[in-house]
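Summary of the model geometry
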Amino acid sequence: MIKHRLTHIRFVQKSNMRKIRRRKRVKIRLNKRRRRKSMTKRKKGLNTSYIQPYEAIAPRVFSIKNIDGLVKFVQDTERYCRINRIRILKVNLENVVKIDMYAISLLLSMLNKLSSRNINYWGTYPNDRECKQYIMNSGFLNIVQTNVKKPAVKKTKNQIFMIGKDRVDTDKIGRSVRESMQHILGREAIYSPVYDNMCEISVNSVEYANEYDKEKNWLVSISVEEDCLHFILSDTGQGILRTLRKKKIEKLGDVLLKADADIIKDVFLGKYQSATGEINRHKGLPMVYESFTDGYVSNFQILTNKVMIDFEKNFAIPLKKEFNGVLYSWTVSLDNYNKWRNLLDG
């Protein structure tokens, strides 16, 4: 009886040892497989060319002169990357022969939106030397990473920066306006009309227009031109018309039946109240328009949804493709500043 038990124990032990050896062999194979996969990933990590990027080719005229082509490029690129879950985007600017700050601002706003989705991007500069130099002087290199060496001393006083993610940096806005006024006055100076415009626009985006949009942002461009400053604020939210139509406003029939340009003009005239009924809502845009009618800024333009309005020339351009966002543009000259100073001194 004892011998039988001992024999049984030996069989059990042998069986257990076989199971242990089998588990060890399986574990060794799994570890080898994991190491091979890890090595493969590391090798691929050194060279991302195995991931096929999506190449977005910019139109030759990449400027406000080709507003439909510019909007189509931005919207098609953003939509394709979103639908197809693109991980790497290549922006091809090689064929560009004409570029301006409108295109650069919208391009940077789009790239900022895509980066919030963890999309990596890179690109090529225009073959045209003047266009390439224009990009390098614009302040573009201060926003994106590049292997182009930045000059030790800034050759231009152009500024490009982001404001209004989930809060508004009013100090940065004020500092940028003061520094830019040096081009006109020869010294830094406060210019309240522009400072107020920028604050109101960005606050409106953070607290209202893009309230639930994690990708919301405002990109500011201040470019130095011959005798004036060119201000551009571009947003990649929903646009004024889409935001307005989602709200329960009093004149809903107007919003549904009126032309887009007429609705935008009514917004700037303060004809629509907010859904909450708060008296401070929608006050920012009429204030921006008032700075134009008072002569404190010039060449006021707005691009949103399917229309671009030039208030200076009093005409609207319907767009073939809808732009999901808003772009404000205006200029400031010495005459604009003197009108404001005369009012204060008078």
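Throughout what follows, the structure given in this document is the object of discussion. This is a predicted model, so every value here is computed, not measured.

What counts, and where the lines are drawn
Residues numbered from 1 in each chain as written. Predicted model: local features only at pLDDT ≥ 70, side-chain atom pairs only at ≥ 80, totals over all residues. Heavy atoms only, no water. Helix = DSSP H or I, 4+ residues; strand = E, 2+ residues; numbered from the N terminus. Pairing = 2+ DSSP bridges. Axes fitted to C-alpha atoms, helices over the stretch in contact; angles between N-to-C directions. Contact = heavy atoms within 4.5 Å. Salt bridge = Lys/Arg side-chain N within 4 Å of Asp/Glu carboxyl O. Buried < 20%, exposed > 50% of the residue type's maximum accessible area, 1.4 Å probe, protein only. Phe/Tyr/Trp six-rings, centres within 6.5 Å; stacked < 30°, edge-to-face > 60°. Polar contact = N/O pair within 3.5 Å; in protein donor to acceptor, adjacent residues only side chain to side chain. Patch = residues over 30% accessible without salt bridge, like charges linked within 9 Å, V, L, I, M, F, W, Y side chains within 5 Å. Areas by Shrake-Rupley, 256 points an atom, 1.4 Å probe, with all protein chains shown as cover. Lys, Arg positive; Asp, Glu negative; His and termini not counted. Charge placed at Lys NZ, Arg CZ, Asp CG, Glu CD.

Examining unusual backbone geometry
- Within the chain, asparagine 118 stands out as a residue other than glycine whose phi angle is a positive 65°.
- Mapped onto the fold, asparagine 118 is located in the loop between helix 3 (101-115) and strand 5 (120-124).

A short note on the sheet that holds strand 1 (residues 54-57)
- If you walk across this open sheet you meet the three strands as 1-3-5, and the pairing is parallel. Two strands close off the open sheet at either side, each with one partner strand: strand 1 and strand 5. Each strand axis lies, on average, 25° off the axis of its neighbour in the sheet, ignoring direction.
- In the sheet, strand 1 pairs with strand 3 (residues 88-92) via four bridges, with the strands oriented parallel. Note on strand 3: the bridge partner recorded for tyrosine 54 is leucine 89.
- Across the sheet, helix 2 (residues 67-83) lies against strand 1 and strand 3, angled at about 170° from strand 1, the strand it touches most.

Section: the pattern of salt bridges
- Enumeration according to the criterion identifies six salt bridges in this entry.
- Close ionic contact of glutamate 78 with arginine 82 constitutes a salt bridge, the shortest N to O distance being 3.6 Å. Of this pair, glutamate 78 and arginine 82 both sit in helix 2, separated by four residues, roughly a single helical turn.
- Of the residues examined, arginine 82 reaches a relative accessible area of 45% and is grouped as partly exposed.
- Here arginine 341 and aspartate 345 are joined by a salt bridge, their closest N and O atoms 3.0 Å apart. Placement of both arginine 341 and aspartate 345 in helix 12 (residues 334-345) is noted, with a separation of four residues, approximately one turn of the helix.
- Using a relative accessible area of 30% as the deciding quantity, one classes arginine 341 as partly exposed.
- Judged by its relative accessible area of 56%, aspartate 345 falls in the exposed class.

Some thoughts on the pairing of strand 6 (residues 159-163)
- Within strand 6, four of the five residues are buried, leaving the element largely enclosed by the surrounding structure.
- By the bridge criterion, five bridges tie strand 6 to strand 7 (residues 218-224) in an arrangement that is antiparallel. Residue pairing across strands places phenylalanine 161 opposite valine 220, the latter belonging to strand 7.

Overview of the packing of aromatic side chains
- Here the structure, examined in full by the defined rule, presents 15 aromatic pairs.
- Taking 5.5 Å as the distance between ring centres and 50° as the angle between the ring planes, the aromatic pair formed by tyrosine 191 and tyrosine 337 counts as tilted. Residue tyrosine 191 is found in the loop between helix 6 (182-185) and helix 7 (192-209), and its partner tyrosine 337 is found in helix 12; the two are separated by 146 residues along the sequence.
- Here the aromatic cluster, defined as three or more aromatic residues joined through ring pairs, consists of Trp218, Phe268, Tyr289, Phe292, Phe300, Phe311 and Tyr328.

Digging into the side chain of glutamine 301
- The topology assignment puts glutamine 301 in strand 9 (residues 298-310).
- One polar contact links glutamine 301 to tyrosine 102, side chain to side chain, over a distance of 2.5 Å.
- Among the polar contacts listed, one links the side chain of glutamine 301 to the side chain of aspartate 310, at a separation of 3.0 Å.
- If sequence neighbours within four positions are ignored, glutamine 301 has contacts with Tyr102, Met308, Ile309, Asp310, Leu327, Tyr328 and Ser329.

Quick word on a negative patch on the surface
- On the surface, a cluster of negative charge is contributed by Glu225, Glu226, Asp227 and Asp335.
- Here aspartate 335 is to be found in helix 12.

Regarding the sheet that holds strand 7
- Here we have five strands laid out as an open sheet, ordered 6-7-8-10-9, and antiparallel in their pairing. The sheet terminates laterally at strand 6 and strand 9, the two strands that pair on one side only. The sheet shows a mean angle of 20° between the axes of neighbouring strands, direction not considered.
- Strand direction decides the pairing type here: strand 8 (residues 228-235) and strand 10 (residues 315-333), joined by eight bridges, are antiparallel. Bridge pairing links serine 234 to leucine 327 in strand 10.
- In this fold helix 5 (residues 170-180) packs onto strand 6, strand 7 and strand 8, with an angle of close to 165° to the strand it touches most, strand 6.

Let's talk about the environment of isoleucine 173
- By the secondary structure assignment, isoleucine 173 is in helix 5.
- With a relative accessible area of 0%, isoleucine 173 lands in the buried category.
- Along the backbone, isoleucine 173 and aspartate 196 are 23 residues apart, and their C-alpha atoms lie at a distance of 9.4 Å.
- Setting aside chain neighbours within four positions, we find isoleucine 173 in contact with Ile163, Val168, Tyr195, Met198, Cys199 and Ser202.

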